[in-house]
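Chain residues, written in single-letter form:
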Amino acid sequence: MNENEVLNLDEEIPIIELEDENGEKVEFELLDVLEYRGKEYIVVLPTDDDSTVIIMEIEPIDEESERYLPVPDEAIVEAVYELFKEKNKDLYDFE
């Protein structure tokens, strides 16, 4: 998904499965992929919690693989979240 694509509300939101720090598999709704300062980030929502989005940095491993890393810099998390809110203001109700 590139930054110019918009999720079609008639389509299901993609579900991705990631492993947490304990090795447990957790399902997330993939809400968006955004670029910020030359890096890509995913915005996901745990399927068992509809109130807290999580932003992770995408780190390419090779041409076909990538991993998702926590973002330790709260300023980057806030900046990416603001981009997400602006881009998706017509799709989601932000408080």
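In this text, all values refer to a predicted model and were calculated from it rather than measured experimentally.

### Here's the deal with the nonpolar core
Working step 1: By size, the foremost hydrophobic cluster in this structure holds 12 residues: Leu31, Leu34, Tyr36, Tyr41, Val43, Leu45, Ile55, Val71, Val77, Ala79, Val80 and Phe84.
Working step 2: For this core, the elements supplying multiple residues, two or more each, are strand E2 (25–36), strand E3 (39–46) and helix H1 (74–87).
Working step 3: For this core, the leading source of residues is H1, giving four residues.
Working step 4: Non-local contacts of phenylalanine 84, meaning those with residues more than four positions away in its chain, are made with Leu31, Asp32, Leu34, Val43, Tyr92 and Phe94.

### Remarks on the pairing of E2
Working step 1: Note that strand E1 (residues 15–19) and E2 share five bridges and pair antiparallel. Considered in E2, the bridge of glutamate 19 is made with lysine 25.
Working step 2: What sits between E1 and E2 in their antiparallel hairpin is a turn of five residues, with glycine 23 showing a positive phi close to 85°.
Working step 3: Judged from the eight bridges that link them, E2 and E3 form a sheet pairing that is antiparallel. Along E3, the bridge assignment pairs glutamate 29 with leucine 45.

### Brief notes about the sheet that holds E1
Working step 1: Taking strand neighbours across the sheet as the criterion, the five strands line up as E1-E2-E3-E4-E5 in an open arrangement whose pairing is antiparallel. Looking at strand neighbours, the two that pair on one side only are E1 and strand E5 (66–70), the edges of this open sheet. Strand-to-strand twist of the sheet, defined as the mean angle between neighbouring strand axes without regard to direction, takes the value 50°.
Working step 2: Docked against the sheet, H1 engages E2, E3 and strand E4 (54–60), running at close to 85° with respect to E2.

### Focus: H1
Working step 1: Under the 1.5 Å per step criterion, the end-to-end length of H1 is 20 Å for 14 residues, consistent within 8% with the ideal 20 Å.
Working step 2: Within the sequence span of H1, burial applies to Val77, Ala79, Val80 and Phe84. Each buried residue of H1 lies within a common arc of 165° when the element is viewed along its axis, so the set occupies one face. Seen from the buried face of H1, the exposed residues on the opposite side, beyond 90 degrees, are Glu74, Ala75 and Glu86.
Working step 3: The elements touched by buried residues of H1 are E2, E3 and E4.
Working step 4: At the N-terminal end of H1, a side-chain oxygen is found 2.9 Å from the backbone nitrogen of alanine 75, two or three residues along, and the residue is aspartate 73.

### Some words on the layout of surface pockets
Working step 1: Within this model, the largest pocket holds a volume of roughly 280 Å³.
Working step 2: Asp50, Ser51, Val53, Tyr81 and Phe94 are the residues nearest the centre of the largest pocket, which is lined by 12 residues in total.
Working step 3: For the lining of the largest pocket, the class distribution of residues is seven nonpolar, two polar and three charged.
Working step 4: Of the pockets and cavities examined, the second largest pocket occupies roughly 230 Å³.
Working step 5: Together, Glu17, Leu18, Glu19, Asp20, Glu21, Val26, Phe28, Met56, Tyr68 and Pro70 line the second largest pocket.
Working step 6: Elements supplying a minimum of two residues to the lining of the second largest pocket: E1, E2 and E5.

Calculation rules
- Note that residues are indexed from 1 along each chain, following the sequence as it is written.
- Whole-chain, interface and lining totals are the exception, using all residues; otherwise, since this is a predicted model, local features are given only for residues with pLDDT of at least 70 and side-chain atom pairs are given and counted only at 80 or more.
- For the side-chain quantities, the full set of heavy atoms in the structure was used; hydrogens and water were omitted.
- To qualify as a nonpolar core, a set must consist of buried Ala, Val, Leu, Ile, Met, Phe, Trp, Tyr and Cys residues joined through side-chain atoms within 4.5 Å.
- Partly exposed residues are those whose accessible area sits between 20% and 50% of the maximum for their type, while under 20% is buried and over 50% is exposed, using a 1.4 Å probe and protein chains only.
- By definition, any uninterrupted DSSP run of H or I lasting at least four residues is a helix, any uninterrupted run of E lasting at least two residues is a strand, and each is numbered from the N terminus.
- Residues count as neighbours in contact if any of their non-hydrogen atoms are within 4.5 Å of one another.
- Strands qualify as paired when DSSP identifies two bridges or more between them.
- Axis geometry follows a simple rule: fit a line to the C-alpha atoms, using only the stretch in contact for helices, then measure angles between N-to-C directions, giving values from 0 to 180 degrees.
- What a helix should span is 1.5 Å times the count of its residues minus one.
- In this context, the arc is that of the directions from the helix axis out to the C-beta atoms.
- Pairs of N or O atoms are called polar contacts if they sit within 3.5 Å, as long as, within protein, a hydrogen donor faces a hydrogen acceptor (for residues adjacent in sequence, only side-chain-to-side-chain pairs).
- Here a cavity is any set of points on a 1 Å grid over the protein atoms alone where a 1.4 Å probe fits but cannot get out, and a pocket is any open set with protein on both sides within 12 Å along at least 5 of 7 lines; a residue lines the site when it has an atom within 4 Å of a point.
- Grid points are joined across faces, edges and corners, and a volume is the space filled by probe spheres set on the points.
- Side-chain classes are defined by residue name, with Ala, Val, Leu, Ile, Met, Phe, Trp, Tyr, Cys and Pro counting as nonpolar, Asp, Glu, Lys and Arg as charged, and the others, Gly among them, as polar.

By themselves, these figures tell us nothing about what the structure is for.
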